[in-house]
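# A structural walkthrough
Take a look at the letters that make up each chain.
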Amino acid sequence: MAEAADFQGTSPSPARRWLRRSGALLAGAPLLAGLLQLPLSTPSQAAERASVADATGSGTVDISLDSLSPSTPTHGDTITVSGSVTNKSRQTVTDAHVGIRVGPSLNTRSAIDTVAKRTSFQPGLDAAEVGGKYVAKVAKLASGSSQHFSISVPVKELDLGADGVYQLGVSLTGRTTAQQWDQVLGIERTFLPWQPDAADTKTRTTYLWPLISTVHLTAETGSDEQQTPVFKNDDLAAEIAPGGRLDQLLSLGSGLDVTWVLDPDLLASVDAMGGGYRIQQEDGTTVAGQNRAVANAWLNKLEKAVQNQNVVALPFADPDLASLAHHGKDVTGSLSHLKDATDVAADTVDTIVHVKPSTEFAWPVDGAVDPSIVKVATSAGADKVIARSDSLRETGGLSYTPSAARPIGGGTTAVVADERLSTAFQGDMLKADNSTLAVQKFLAQSLMINQQSDDERSIVVAPQRMPTASQAQSMAEALRVLQQGTWSESQGLAEAAKAKPDPGATTKVPPTSSYPTALRHRELPGKAFARIQETQSKLDKFRLILTDESRVVTPFGRAIDRGMSVSWRGRPAEAKAFRTGVDNYLDGLMGLVHLIKKSDAKLSGRSATIPVTVQNNLVQGVDHLVLRLTSGQPTRLKIGNGPYSPRIQVAGEHSQSVKFTTSTKANGPVKVTAQLYTEDGQPYGDPVSFEVKVTEITSTVMLVIGGGVLLLVLAGFRMYTQRKRAAARQAEGEQEDGPEAGGVRKDTDGTVDTEHTEDSEDGPERASGSESGADDPEQPSDPTPDTASENADPSGTGERVDR
C-alpha cells in the first residue's frame, strides 16, 4: 500500500523505504519464530511424508507373488502363497507382517480387469485379513531390502462360498519411523478360481499352439547334386537345440491337448539343415554348419508329438495377409504368391512329419480383420479366418461371451479368438510374479466365461505367433490346470469352426478404417511387393531356358514366399536386405549364361563368316535360346541371306559357337550386335557389340592383279624356252666330240656298250635341280583360305572358333 501511495515514475524516499522494511520485519517476526521451532527436513523426506500420508501408504512396500498353489483349489486343499516384500521407501519398516485377504467374489469379466488394475489398498473394497497364525512376520525391513515369505492357509479358513472367481490380496501391514502406527504399506492382488465340483456345462476350449519362426534360409544353394542349402546364420540351430525356444515349445506342447499351428517353412528349414547345410558369412563366403544331428532330433520329436493330433498348416512362410490386402493386391501377380504358398503347405508338412494338416484356416496378424483382408485371405482357398474379439467386436449387448464361429458371408467363417485369453501371456514372463498373476487371471477369465451362461459354448485362444520360452512355460502351466479342471474341456480348431454359431453374435466385419494404426505402421510397403514381382518376372524368364528348372524354380519360389513373411514386421531394413539378396543372386545365376565379348574384326573380300560364342557356366544345360546377329549398316555389311536365328543348346559348363555368313557391299566400319533371346522373343542377358572393318576387293584391283599374274606367266614361259634351246645346243656339241663324250663307254674287255641316249626333255633340269619342269606337281597352298567358308551350321558343343 505504501508503494501504491508513491507517485508513479518516482522512487520512494529513503525515509519511506526504511519505515516499510522495519514494518515488514516486525510483522514477520512471529511467523519466523514459529518456523524455527519446526523440525528441519530434507525435500526427499518431505516428499516421503506426503507419500505415506496419502491414503494409507500402501505404495511403500512392493509385494511379489512368485507362486500360488494350487491355482484352482478344491475341498480339503491348503493354499500356499509365496513371494517377497521389498521396501521401496527410505524409511525402515518395523513390526510388520504379511497376510492374506480373500473376497468378495466377482461377477463379470470386466470386474476382473478392474481389480487387476488397482494398485493401492482401499478399505471396503479389500477384505479383512484371514489373520491369526496365517501370517508371515517381518520384524524389520530396511530401506531397499527384501525378504521372502510363504503363507499356507487351509481352504476352509477362507470362507469361500458359491462357485466363482474370488479376489485374493496379499498385503504387508506395519509401521515406519515416520508413522508409528499399523497401516497397510503394500498390497498385491490376484484371483482365486473356485469350482471344486464339475460344472454342469463345460466350456469347450481350443488353444492354438504355434510353431513359427523368422526367415532363416536364403535362396542360395550349392552347385552339388544335393543343392546344399545356405542359411543366413545359425540362429535356427539355437532355437531347436535342447533348451532353445522352439525346443521348449515342442516339449511343452507335447503334453497338452492343443491345436498345433505349423509354418511349413520352419519344417522345411529344419529338414534342410538335417541334410547338411552351410552358413553365410559377412564376406560372402560360406562355412559348413555343425548342427545336423540337432535338426534331425527335433524333427523326430515333432513327428511323434503331432501324430493323431489337430494340426493346421499356414501358407508357406506365413505370408502377411494384411500387408498383401493393403499394399500388395494392386501389384500384378502378388496374390498368386499366396496361392502358391498355400498349395505347397500341406505337401511340405505331410512329407516331413507324415501328418495331413488342415489348410483351410487363414490367420491375419493379431486377428485384426477388415473386408480387404478377408477377401485376400480367402483368395487362396481358405474359407475360415482366425479373427480376434477386439477386432470383430460385439455390438449386440450380449451379457456373455458367444461361441467363436461366425458366418460373415460368402461362405466364409470367422473363428473369433477371445482377446483377453489370447493376450494373457504377452508380457515379461521371466519374472515369477508376472507369470503367477498371468496364470491366475487367465484361469479366472476362463471360469467367468463358463459361469456366464448354462449353454455350451466354444471358445478359441490364439496367443502371440512366436511366444518366448518363458511365455510358453506360463501358457503351458495355465493350460495344464485348465485341462485338469472342472469347467473346461478341450477341442480342436476344426471342431470349433463347425460349432453352431450364436444367433446374437456379431457377424459384421469392421471397415478398413478401423484397422489398428499400430499394426498398419508395421506392414510391408507396396514397393516390397513390386520388388518381389520383379524377381518373379526374372525367374519366369530364366526357367524357360533350363533343362532342369526344379533346381532353380523351387528354391527361388520358396525364397519369394519368405519375402512376404509376417516375421519381417518391425524389421524393414532386414526385410529389404533379404529381398535384394534374392534378386541379386538370381541376376548372378542368369548372368552365367552369356555371350563372350568379341574384339573388333576386319573382313576382306565379298563374303566371310563371323563366329559368336555362347558360354554356359551353370551346372545344368540350357536350351530354348536363339541368337541373333544384327548389322548396324546392312547396306555395307549384310548378315546372311535372310532372317537367321539359330537355336542355342549348351551343356552345363560348356560353350557353343555359331558362325554367321556375311556379304560386303562397301568399305568402312560397321557396328554389329549379338543378342540372345528366349523363344518367345524376350531379350536374355546383355548384348555384345563390336566393330567390323570391311575392306572390299574391287573389279579394278582384280584386273590389276590379273595383269600382273599374266606377266609373270609370260616371263616364266620365255625363260623356259630359252633354257630349252641352250640345252639342245649343248647336246649337239658333245656328240661332235666323240663317243665318250656322247655317252659311249668302252669296257676293259673291248666290248663297246652304248647307254640310253634318247633325249629327255627334263633330264638336265632334273639332274641339276635348278628349275622345275612343266610336269612337276603344284606347290601345296595353305590348307584353308584366309577367310572361313560360308558354313552357317552351329558348331559342336565346346568348339573353339578363332576370329
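What counts and how
- Residues numbered from 1 in each chain as written.
- Predicted model: local features only at pLDDT ≥ 70, side-chain atom pairs only at ≥ 80, totals over all residues.
- Heavy atoms only, no water.
- Pairing = 2+ DSSP bridges.
- Helix = DSSP H or I, 4+ residues; strand = E, 2+ residues; numbered from the N terminus.
- Axes fitted to C-alpha atoms, helices over the stretch in contact; angles between N-to-C directions.
- Contact = heavy atoms within 4.5 Å.
- pLDDT = per-residue confidence, 0-100.
- Salt bridge = Lys/Arg side-chain N within 4 Å of Asp/Glu carboxyl O.
- Expected span 1.5 Å × (residues − 1).
- Buried < 20%, exposed > 50% of the residue type's maximum accessible area, 1.4 Å probe, protein only.
- Arc of directions from axis to C-beta.

## Here's the deal with the sheet that holds strand S3 (residues 93-106)
Spatial strand order, S4-S3-S6-S7: four strands in an open sheet with antiparallel pairing. Of all the strands in the sheet, the pair left with one neighbour each is strand S4 (136-141) and strand S7 (183-194). The average angle at which neighbouring strand axes cross in this sheet is 25 degrees, direction not considered. Strand direction decides the pairing type here: S3 and strand S6 (residues 164-176), joined by ten bridges, are antiparallel. Counterpart to Gly99 in the pairing with S6 is Ser171. In the packing of helix H4 (residues 109-117) onto the sheet, the strands contacted are S3, S6 and S7, and the crossing angle to S7 comes to about 150 degrees. Along the sheet face, helix H13 (residues 432-452) touches S3, S6 and S7 and points at about 45 degrees away from the line of S7.

## Remarks on the confidence of the model for the protein chain
Predicted confidence across the protein chain gives a mean pLDDT of 84, with 82% of residues reaching 70 or more. Here residues 1-56 is a poorly scored stretch, pLDDT under 50, and it has 23 contacts once near neighbours within four places are set aside; other chains count. When the criterion is pLDDT under 50, residues 736-803 qualifies, and its contacts beyond four places in sequence or with other chains add up to 61 contacts.

## Section: the pattern of salt bridges
Applying the stated criterion across every chain yields a total of 31 salt bridges. Across the pair Asp182 and Arg175 runs a salt bridge whose closest N-O atoms are separated by 3.1 Å. Linked through salt bridges whose partners overlap, the residues forming this network are Arg531, Glu534, Lys538, Asp583 and Asp587.

## Regarding the environment of Ala325
Among the structural elements, Ala325 can be located in helix H9 (residues 321-328). Taking the C-alpha atoms as reference, Ala325 lies 9.1 Å from Leu335; in sequence the two are ten residues apart. Not counting the four nearest positions on each side in its chain, Ala325 is found in contact with Ser372, Ile373 and Val376.

## Digging into the sheet that holds strand S5 (residues 146-154)
Read across the sheet, three strands follow the order S1-S2-S5 without closing on themselves; strand pairing throughout is antiparallel. Bordering the open sheet on either side are strand S1 (61-69) and S5, each of which pairs with just one other strand. If you compare each strand with its neighbour and ignore which way they point, the axes differ by 20 degrees on average. Both strand S2 (residues 78-87) and S5 contribute to a ladder of nine bridges, which runs antiparallel. Residue pairing across strands places Val85 opposite Gln147, the latter belonging to S5.

## Digging into helix H19 (residues 572-590)
When the terminal C-alpha atoms of H19 are compared, their 27 Å separation across 19 residues agrees well with the 27 Å that a helix rising 1.5 Å per residue should span. Listing the buried residues of H19 in full gives Ala575, Phe578, Arg579, Val582, Asp583, Leu586, Leu589 and Met590. Considered in projection along H19, the buried side chains sweep an arc of 125 degrees and stay on one side of the axis. The outward face of H19, more than 90 degrees from its buried face, is lined by the exposed residues Ala573, Lys576 and Ala577. Among the structural elements, strand S9 (217-221), helix H17 (526-543), helix H18 (550-562), strand S21 (593-595) and strand S29 (683-695) are those in contact with the buried residues of H19.

## Structural notes on helix H14 (residues 469-483)
Along its 15 residues, H14 runs 21 Å from first to last C-alpha, staying within 8% of the 21 Å computed at 1.5 Å per residue. Summarising burial for H14: eleven of the 15 residues are buried, a large majority. Contacts from the buried residues of H14 go to strand S8 (203-211), helix H6 (245-254), H13 and strand S20 (488-490).

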